[in-house]
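# Summary of the model geometry
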Amino acid sequence: MDRSLVRNRFAEQLAFALDLRIVSVNLMASTSGVKWMLRFAVLMLAGLAGAGSAFAQSPVAVPAQLRGIWMQDNGAGHSQCRDYLSAVRKKDETARNHLVGAEVIGARGLHSYAEYGEGNFYRPLRVTALGKQSWRIKTLVGFDGPPEANSGGRATLALSVMAGKLRLKVETINGRPGNGSDNKRYFRCSSVPAGMYGV
């Protein structure tokens with residue numbers, strides 16, 4: 001849900017709560033103060049619960065500088081990128097086979113691409129800027145499929161972009177230190193195709 005929809009929903013619920021307060025004030029004149037306070041409290045809690053759920057549904061966006069299809073910055077990675085782009089130009093249905101080993105980073109998540117489109121899927125929960133071009137991202141992680149809201153694991157990623165190269169390190173996964181081999185350097189091969197992850 002985009003932020004303007006969340007703000008609009010919150011504003012509507014706040015206006016509704018204020019309308020209820022006016023109605024409650026009118027009721028107060030004809031009922032006891034205790035009954036009025038209980039009714040008002042129940043109505044306010046109902047309104048705030050709805051606003052809270054709208055904020056909980058708000059997705060966290062990955063910084064634009066990180067988005068793209070990133071391949072390892074070595075001879076094999078550059079060759080893999082050429083093969084992928086050639087397959088895309090030819091509208092070859094097997095183009096995604098050339099993404100194995102790539103980091104696919106979209107607005108709403110990261111995918112460490114493995115065979116058959118499997119691999120780790122990271123959905124950001126919180127993005128913290130560490131510097132001008134570096135971030136720490138706390139995520140839900142799904143293994144070989146997108147994470148569900150209340151299942152899967154948790155991971156913390158450190159990402160930076162320097163001179164057009166991406167560094168990605170899995171700092172922790174499920175509370176344990178990440179694998180040091182995850183600290184690799186990537187170059188941006190292309191943008192993420194529209195609709196690749198349903199967005």
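Source: prediction; values computed, not measured. (Residues numbered from 1 in each chain as written. Predicted model: local features only at pLDDT ≥ 70, side-chain atom pairs only at ≥ 80, totals over all residues. Heavy atoms only, no water.)

The number of helices and strands found in the chain is three helices and nine strands. For the chain, with 199 residues in total, the buried portion stands at 33%. Residue pairs in contact within the chain that sit at least 24 positions apart in sequence constitute 48% of those at least 6 positions apart. Of the roughly 12000 Å² of accessible surface on the chain, 56% is carried by carbon and sulfur atoms. (Helix = DSSP H or I, 4+ residues; strand = E, 2+ residues; numbered from the N terminus. Buried < 20%, exposed > 50% of the residue type's maximum accessible area, 1.4 Å probe, protein only. Contact = heavy atoms within 4.5 Å. Areas by Shrake-Rupley, 256 points an atom, 1.4 Å probe, with all protein chains shown as cover.)

For K91, which is not glycine, the phi torsion reads 55° and is therefore positive. Take K91: it is sitting in the loop between α3 (75–89) and β2 (103–106). Among the residues examined, K91 registers a relative accessible area of 72% and is labelled exposed. Here the phi dihedral of A163 falls at roughly 50°; this positive angle occurs in a residue that is not glycine. Along the chain, A163 falls in the loop between β6 (153–162) and β7 (165–173). Judged by its relative accessible area of 82%, A163 is exposed.

So, on to the pairing of β7. In terms of strand pairing, β6 meets β7 through eight bridges, oriented antiparallel. Opposite V161, over in β7, you have L166 as the bridge partner. Between β6 and β7, which pair antiparallel in sequence order, lie two residues; one of them, A163, sits at a positive phi of approximately 50°. In this structure, β7 lies alongside strand β9 (residues 184–190), joined through four bridges in antiparallel fashion. (Pairing = 2+ DSSP bridges.)

A separate point is the environment of P146. Relative to the helices and strands, P146 is located in the loop between β5 (134–143) and β6. Given the relative accessible area of 57%, P146 is considered exposed. Along the primary structure P146 and G109 are separated by 37 residues, whereas in three dimensions their C-alpha atoms are 9.4 Å apart.

Now for the nonpolar core. Side chains of a nonpolar character, in soluble globular proteins, are inclined to be buried together. Counting residues in each nonpolar core, the largest one holds 17 residues, and the members touching the most others are L66, I105, L110, Y122, L159 and L166. When near neighbours in sequence (up to four residues on either side) are disregarded, I105 contacts V62, L66, R67, G68, W70, L110, L159, L166 and V192. In terms of nonpolar packing, the next biggest core, distinct from the first, is built from 13 residues, A87, L99, A102 and V104 among them. (Core = buried A, V, L, I, M, F, W, Y, C linked by side-chain atoms within 4.5 Å.)

Taken as a whole and assessed by the stated rule, the structure comprises one disulfide. Disulfide pairing places C81 opposite C189 at an S-S distance of 2.0 Å. The chirality of the disulfide connecting C81 with C189 is right-handed, given an S-S dihedral of about 90°. A residue pair is termed long-range when its members are at least 10 positions apart, and C81 in helix α3 and C189 in strand β9 qualify at 108 residues. Both residues of the pair, C81 and C189, belong to the buried class. (Disulfide = S-S within 2.5 Å.)

Of the strand pairs in this sheet, strand β1 (residues 68–72) and β9 are connected by four bridges, and their pairing is antiparallel. In the strand pairing of β9, I69 is matched with S190.

Considering the arrangement of structural elements, one finds S134 in strand β5. A polar contact is formed between the side chain of S134 and the backbone nitrogen of G131, at a distance of 3.3 Å. Leave out the neighbours within four places in its chain, and S134 touches T128, A129, L159 and S160. (Polar contact = N/O pair within 3.5 Å; in protein donor to acceptor, adjacent residues only side chain to side chain.)

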